[in-house]
Amino acid sequence: MVQATPFLLVLFLALGAHGLQGTQQCSLTGRWVNDLGSNMTITSVNANGVFAGSYHTAVTATSNEIKLSPLHGAMQKSPNQKGQPTFGFTVNWSFSDSITVFTGQCFVDEYGKEILKTMWLLRSRVENIKNDWKATRVGINVFTRLQSQE
Ligand code: BTN
């Protein structure tokens, strides 16, 4: 009995920790704001992980007037995602010749807050192949959920 106690304690802690991890569920659906002040809405994610929404960027590399732009993406649905799924989406800018792809992961932080850690590539259109070298920007964006104002 004395020998079994530490074993049972370890088993209990392991199962407890596993149980807690199981409660972390990060959902892509909803309204998000990033570190630049850009707003994104993901309307719904279907059973295959395919989603759509809209993106309002706070900044632009152009001199064009910023307009709401559509986004299309996919979330990884494998069981290994454990509630913190990886995903990717494309924003097809409605006011410029450019396109941006984002890739990232939906995390639940230590306070239970959902956070999207992403990297992006912004491809601008250039006039000819000689200018291809300067056509792609790269960066990081961090998104947090916009709290709904009721
Ligand atoms: C353009 O300037 O041609 C389109 C807008 C690009 C906005 C970029 S995409 C990556 C970064 N994250 C944002 O929220 N906005 C900028």
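That block above? That's the structure.
Conventions and cut-offs
- Residues numbered from 1 in each chain as written.
- Predicted model: local features only at pLDDT ≥ 70, side-chain atom pairs only at ≥ 80, totals over all residues.
- Heavy atoms only, no water.
- Pairing = 2+ DSSP bridges.
- Helix = DSSP H or I, 4+ residues; strand = E, 2+ residues; numbered from the N terminus.
- Phe/Tyr/Trp six-rings, centres within 6.5 Å; stacked < 30°, edge-to-face > 60°.
- Buried < 20%, exposed > 50% of the residue type's maximum accessible area, 1.4 Å probe, protein only.
- Core = buried A, V, L, I, M, F, W, Y, C linked by side-chain atoms within 4.5 Å.
- Contact = heavy atoms within 4.5 Å.
- Polar contact = N/O pair within 3.5 Å; in protein donor to acceptor, adjacent residues only side chain to side chain.

1. Describing the pairing of strand β7 (residues 114–123)
Thinking step 1. Alignment of strand β6 (residues 99–108) against β7, held across 10 bridges, turns out to be antiparallel. Paired with Phe 107 across the two strands is Ile 115, which belongs to β7.
Thinking step 2. Hairpin connection, β6 to β7: the antiparallel pair is bridged by five residues, and Gly 112 has positive phi, about 85°.
Thinking step 3. Across nine bridges, the pairing between β7 and strand β8 (residues 136–145) is antiparallel. By the bridge assignment for β8, Lys 117 is matched with Val 142.

2. Digging into the packing of aromatic side chains
Thinking step 1. Using the criterion set out here, one finds eight aromatic pairs in the structure.
Thinking step 2. Between Tyr 55 and Phe 143, the ring centres sit 6.3 Å apart and the planes meet at 85°, which makes this aromatic pair edge-to-face. With Tyr 55 in strand β3 (residues 50–56) and Phe 143 in strand β8, the pair connects residues that are 88 residues apart, well separated along the chain.
Thinking step 3. According to the relative accessible area criterion, Tyr 55 is buried, its value standing at 2%.
Thinking step 4. The structure contains a cluster of three or more aromatic residues connected by ring pairs, namely Phe 51, Tyr 55, Phe 87, Phe 89, Trp 93, Phe 95, Phe 102 and Phe 143.

3. Description of the nonpolar core
Thinking step 1. Membership of the largest hydrophobic core comes to 21 residues, with the highest contact counts inside it found for Leu 28, Met 40, Phe 51, Tyr 55, Phe 87, Phe 89 and Leu 116.
Thinking step 2. Going through the elements one at a time, β2 (39–45), β3, β4 (69–75), β5 (86–92), β6 and β7 are the ones with two or more residues in this core.
Thinking step 3. Among all residues touching Leu 116, those that are not within four sequence positions of it are Leu 28, Trp 32, Met 40, Phe 87, Gln 105, Cys 106, Asn 141, Val 142 and Phe 143.

4. Observations regarding the side chain of Gln 84
Thinking step 1. With respect to the element layout, Gln 84 can be found in the loop between β4 and β5.
Thinking step 2. A relative accessible area of 17% places Gln 84 in the buried class.
Thinking step 3. At 2.6 Å, the side chain of Gln 84 forms a polar contact with the backbone nitrogen of Val 108.
Thinking step 4. Those residues in contact with Gln 84 that lie beyond four places of it in its chain are Gln 24, Cys 26, Gln 105, Cys 106, Phe 107 and Val 108.

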